[in-house]
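# Analysis of the macromolecular model
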Amino acid sequence: MSDESRHHRTAVVIPAAGRGVRLGPGAPKALRALNGTPMLVHAVRAMAASRAVSLVVVVAPPDGAPEVKRLLDAHALPERTDYLVVPGGDSRQESVRLGLEALPDGIDTVLVHDAARPLVPVDTVDAVIEAVREGAVAVVPGLPLADTVKQVEAAAKGEPEPVVATPERATLRAVQTPQGFARDALVRAHETVTGNVTDDASMVEQLGLPVVVVAGHEEAFKVTRPLDLVLAEAVLARRRANDGF
Ligand code: C5P
């Protein structure tokens, strides 16, 4: 990292307030265990693994902030990393906004990272931070697609859906988190953009600001369905076998 970039301060907001209904019944998704440790703790550790990250703001389920605070207090994080827990909202967007409101002065780079991506490697986190520190307004990690993607029209439930377009696969990226931002741009996006969005970068795009993609990582996948839990535990087992993690 350049001398100039060392003066920047970086925080991460982790929205972790979702119920995770697609995973099946049970605790809120972020609190489900992976190899005995809650997914959220893995996600916080993944962010704290970057030496550039000085603060992690966890956005907890609205009624679960004290429980999440106790959980984080009970799991060791590096000394250089502070953390805060705030209650979340009804949508991911609202949860991120509540996390942004909790940021102290002096933070100029903000990452937003889904608790549901607990295994993102530190090199991906650092690559996103580095790109923001070098001047990008918004940076997302992304991967080329294995599948061809069809755009379809809505049809009645159970009926075949008419295809309206096939975007050229080589131009598409499946995007992950952490997504990184110049703080003021992300705050402005959350103050002005309304409507349903599935990531933060698209809000910045709607302001007309440039967003760039850097290389993502296959281990940054989102734990959404039951099979993803099996995959996540397999990744952890391989890491443990390879380097005693
Ligand atoms: O539902 P989805 O998998 O897209 O959620 C992505 C992230 O947003 C998860 O980490 C989830 O906990 C979080 N979320 C939230 N507040 C909500 C809904 C989702 O913090 N109301």
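Going by the structure above, here's the rest.
Each residue is numbered by its place in its chain's sequence as written, counting from 1. Local features are withheld for residues below a pLDDT of 70 in this predicted model, meaning they are given only at 70 or higher, and side-chain atom pairs are given and counted only at 80 or more; totals for whole chains, interfaces and linings count all residues. Just so you know, side-chain values use all the structure's heavy atoms and leave hydrogens and water out.

This brings us to the overall build of the protein chain. Secondary structure elements are defined from DSSP: runs of H or I of at least 4 residues count as helices, runs of E of at least 2 residues count as strands, and each element is numbered from the N terminus. Secondary structure summary: the protein chain contains 7 helices and 12 strands in total. Note on method: radius of gyration uses C-alpha positions; expected globular size equals 2.2 Å times residues raised to 0.38. The C-alpha radius of gyration computed for the protein chain amounts to 18 Å, which stays within 12% of the reference 18 Å derived for 245 residues, consistent with globular compactness. In terms of overall dimensions, the protein chain has C-alpha extents of about 55 × 40 × 40 Å along its principal axes. Only protein chains enter the accessibility calculation, which uses a 1.4 Å probe; a residue is then buried when its area is under 20% of its type maximum, exposed when over 50%, and partly exposed in between. Within the protein chain, the proportion of its 245 residues that are buried is 47%. Taking the contacts inside the protein chain whose residues are at least 6 apart along the sequence as the reference set, 71% of them involve residues at least 24 apart. Where accessible areas are quoted, they stem from the Shrake-Rupley method and a 1.4 Å probe; at the residue level, only the protein chains shown are allowed to cover. Accessible surface for the protein chain amounts to roughly 12,600 Å². Of this, 52% is attributable to carbon and sulfur atoms. Contact criterion: two residues are considered in contact whenever any of their non-hydrogen atoms come within 4.5 Å of each other.

For helix 5 (residues 183–192), the complete set of buried residues consists of Arg-183, Ala-185, Leu-186, Ala-189 and His-190. In this structure, the buried side of helix 5 is in contact with helix 3 (92–101), strand 6 (109–112), strand 11 (179–182) and helix 6 (200–206).

As a further point, take the site of the ligand. To be near a molecule or strand, a residue needs just one of its heavy atoms within 4 Å of it. Surrounding the ligand, one finds 15 residues, the nearest of these being Pro-15, Ala-17, Gly-18, Gly-89 and Ser-95. N or O atoms closer than or at 3.5 Å make up a polar contact, with two conditions inside protein: a donor-capable atom paired with an acceptor-capable one, and, for residues adjacent in sequence, both atoms drawn from side chains. Lys-29 is positioned such that a nitrogen or oxygen atom in its side chain is 3.3 Å from an oxygen atom of the ligand. At a separation of 2.7 Å, a nitrogen atom of the ligand approaches a polar side-chain atom of Ser-95. Relative to its unbound accessible surface of 470 Å², the ligand loses 83% to contact with the protein. Looking at the shell around the ligand residue by residue, the classes come out as 5 nonpolar, 4 polar and 6 charged. Any residue outside Ala, Val, Leu, Ile, Met, Phe, Trp, Tyr, Cys, Pro, Asp, Glu, Lys and Arg is labelled polar, Gly included; the first ten of those are nonpolar and the last four are charged.

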